[in-house]
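Structure at a glance
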Amino acid sequence: MMTLQSYKSHAESWEQRATIRSRPRRIVEDDGLHYYPLERQPLCAHPAIVDAGDAVRDFILLQSFYKYINDVIIFETEIVNATALKIARGRFAHDFPFACRHDAMSVVIDEDYHAYVAMDYLRQVEVHTGVAALAANHEIELSRAIPRALERVAPPYRDGMELLAVAISENTVTAEVAAFSRDTTLKRSVKGVMSDHLADEGRHSVFWINLVKLYWSEIDEAARSALGETLPVFLKEYLSAELQLAFDRRLIDALDLPAATRREIAGDMVGAYPITSQHPMIVNIRNFFKLSGLLDHAPTRAALASVL
Ligand SMILES: [Fe+2]
Ligand SMILES: [Fe+2]
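Residues numbered from 1 in each chain as written. Chains lettered and ligands numbered in written order. Predicted model: local features only at pLDDT ≥ 70, side-chain atom pairs only at ≥ 80, totals over all residues. Heavy atoms only, no water.

Helix and strand content of the protein chain: 13 helices and zero strands. Helices (α) and strands (β) of the protein chain occur, in sequence order from the N terminus, as α-α-α-α-α-α-α-α-α-α-α-α-α. What you see for the protein chain is a C-alpha radius of gyration of 20 Å, in line with the 19 Å of a compact globule of 308 residues. Viewed in the frame of its principal axes, the protein chain has a C-alpha envelope of about 60 × 45 × 30 Å. Within the span of the protein chain, comprising 308 residues, buried residues form 51% of the whole. Sequence separation of at least 24 residues holds for 82% of the intrachain contacts in the protein chain that already meet a minimum separation of 6. Just so you have it, the protein chain exposes about 14400 Å², and 54% of that area is on carbon and sulfur atoms. Of the side chains in the protein chain, 33 bear a positive and 42 a negative charge, and the two mean positions are spaced by 2 Å. (Helix = DSSP H or I, 4+ residues; strand = E, 2+ residues; numbered from the N terminus. Rg over C-alpha atoms; globule rule 2.2 N^0.38 Å. Buried < 20%, exposed > 50% of the residue type's maximum accessible area, 1.4 Å probe, protein only. Contact = heavy atoms within 4.5 Å. Areas by Shrake-Rupley, 256 points an atom, 1.4 Å probe, with all protein chains shown as cover. Lys, Arg positive; Asp, Glu negative; His and termini not counted. Charge placed at Lys NZ, Arg CZ, Asp CG, Glu CD.)

Encoded structure:
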C-alpha cells in the first residue's frame, strides 16, 4: 500500500530528463512518410477511399493528424492542467504532502510545454504542406465525461472523481504516444515529437498512479464506494465515438470526391469505431485499474465488471 512515507518525488529525474530542459526543437522534413497511422483512421479502409488513390488518403491522414494534435492541446491545457494545478496549489479537497504538490507543478510545466511544441509543429506542417487544418473540435470526450461524472457524485467526492478521471486518461495518452513513437510508417519528425512527449508521459503515468494509490489509501469506505460506483458513468462517456464521428463527417465533406461518393462513405461510417474488450484503450484502462490497486476493492471491481 502506498503511504506518505513511501511516496517518492520525481523532482530529481525531472531536473535531468524533462524535455523542456533537454530536447531541441523538432523540424518537419521531406521524407515522404505518413503524418498519422493508417490503422487509426478507419476511413482509410473504406473501398471508395482506397479507390480514390494516394492524394485523398494523404489528405485524410494529414487532417486526422491535425485533429489529434488539437485534441492533445485541449487535453494538456484544459483537462490535465486544471487538476494538476489545483493539486500543486493546495486547492484540492485532500491534503497532499509537499512532494506530491511539487511533482504536480512539474506536470503543469510539462503539459504547457507539450502544448507549445504541438502548436509549433502543427504550424510547421501547415506551412510545409500548404494544407490548412479543417475547423477543429472545441472539446474532447473528457470535456464532457468529467463534468458528467462529477454531477453524479456528492460534492465531497468530486475532486476525487476528477483525480481518477485524469489519472486514467493520462495513462491512456501515454500508451497512445508510445504506439505513435514506434510506428515505422510515420515521418521521422512526427515520431520525434511523440517520443519526446513519451519521455515526459512515462514519468506522469507513474506520478498519477502513485497519487491515486496514496489518495485511495487515505479516504474512507464511503468515498471509495461512491467513486467506484461512478467510474462506469465516466468510462462510458470517455469511450464515446460521437466527437470522432462529427469530425470525420466534416472531413468527408472536404474530400475531393463526387457528392454521391461522399454520401455513401458518410453512411458507412456509423459503427466503424467499435470499442470492444480488445480495444487498446480498454486494455490500457484495465491495466491502470490493476496497477493503481482499485481492483482490490470488491465493490469497485464489481462496478467495473460491466464496462471492462
Ligand atoms: Fe503531455
Ligand atoms: Fe501528462
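Attention now goes to the coordination of the iron ion (ligand 1). For the iron ion (ligand 1), the full set of protein donor atoms is E76 (OE), E111 (OE), H114 (ND1), H197 (NE2) and E201 (OE), and the range of their distances to it is 2.0 to 2.3 Å. One chain supplies every donor to the iron ion (ligand 1), and in sequence these donors are spaced E-x34-E-x2-H-x82-H-x3-E. The metal-metal distance between the iron ion (ligand 1) and the iron ion (ligand 2) is 3.7 Å, with E111 serving as a donor to both. In this pair, E111 is assigned in helix 5 (residues 98-129) and E201 in helix 8 (residues 188-218), connecting sequence segments 90 residues apart. This pair shows no difference in class: E111 is buried, exactly as E201 is. (Donors = N, O, S within 2.8 Å, 3.2 Å for Na, K, Ca; no water.)

All right, on to the coordination of the iron ion (ligand 2) then. Protein coordination at the iron ion (ligand 2) comes from E111 (OE), E170 (OE), E170 (OE), E201 (OE), E201 (OE) and H204 (ND1), with a distance range of 2.0 to 2.5 Å. Along the chain, the residues donating to the iron ion (ligand 2) fall in the pattern E-x58-E-x30-E-x2-H.

What follows concerns the packing of aromatic side chains. Considering all chains together, one arrives at eleven aromatic pairs under this definition. Ring centres of Y35 and F65 lie 5.6 Å apart, and the angle between their planes is 45°; on these two criteria the pair is classed as tilted. Here F65 lies in helix 4 (residues 54-88) and Y35 lies in the loop between helix 2 (19-22) and helix 3 (47-52), a separation of 30 residues in the sequence. On the numbers, 5.7 Å between centres and 65° between planes, the contact of Y36 with F180 is edge-to-face. (Phe/Tyr/Trp six-rings, centres within 6.5 Å; stacked < 30°, edge-to-face > 60°.)

Let us look at helix 10 (residues 242-253). Compared with the 16 Å implied by 1.5 Å per residue over twelve residues, the 17 Å span of helix 10 between its first and last C-alpha is a close match. Residues L243, L245, F247, D248, L251 and I252 constitute the buried set of helix 10. (Expected span 1.5 Å × (residues − 1).)

Turning next to the nonpolar core. Core analysis: the biggest nonpolar cluster contains 91 residues, and F65, F96, L163, W208, F234, Y238 and F289 have the highest contact counts within it. At 17 residues, the largest contribution of residues to this core is made by helix 4. If near-sequence neighbours (up to four positions away) are discounted, F65 is found in contact with Y35, Y36, Y121, V125 and V190. (Core = buried A, V, L, I, M, F, W, Y, C linked by side-chain atoms within 4.5 Å.)

Taking 1.5 Å per residue as the helical rise, helix 5 with its 32 residues ought to reach 46 Å, and the 47 Å between its terminal C-alpha atoms agrees with that figure. Positioned one or two residues after helix 5, G130 has a phi angle of 70°, which is positive.

Under the criterion given, the structure shown has 20 salt bridges. Between R21 and E15 there is a salt bridge whose closest N-O contact spans 2.9 Å. Residues E242 and R144 are paired through a salt bridge, measuring 3.1 Å at the closest nitrogen-oxygen approach. With a gap of 98 residues between them, E242 in helix 10 and R144 in helix 6 (residues 141-152) connect regions that are remote in the sequence. When its relative accessible area of 24% is taken as the criterion, R144 is described as partly exposed. (Salt bridge = Lys/Arg side-chain N within 4 Å of Asp/Glu carboxyl O.)

Structurally, T77 is set in helix 4. When the C-alpha positions of T77 and V190 are compared, they lie 21 Å apart, and in sequence the two are 113 residues distant. Residue contacts for T77: discarding those within four places in its chain leaves A82, D112 and A115.

What follows covers the environment of L231. Tracing the sequence through the fold places L231 in helix 9 (residues 221-238). Taking the C-alpha atoms as reference points, L231 and Y66, separated by 165 residues in sequence, lie 30 Å from one another. Excluding residues that lie within four positions of it along the chain, L231 makes contacts with M161, L164, I168, F289, L294, T300 and L304.

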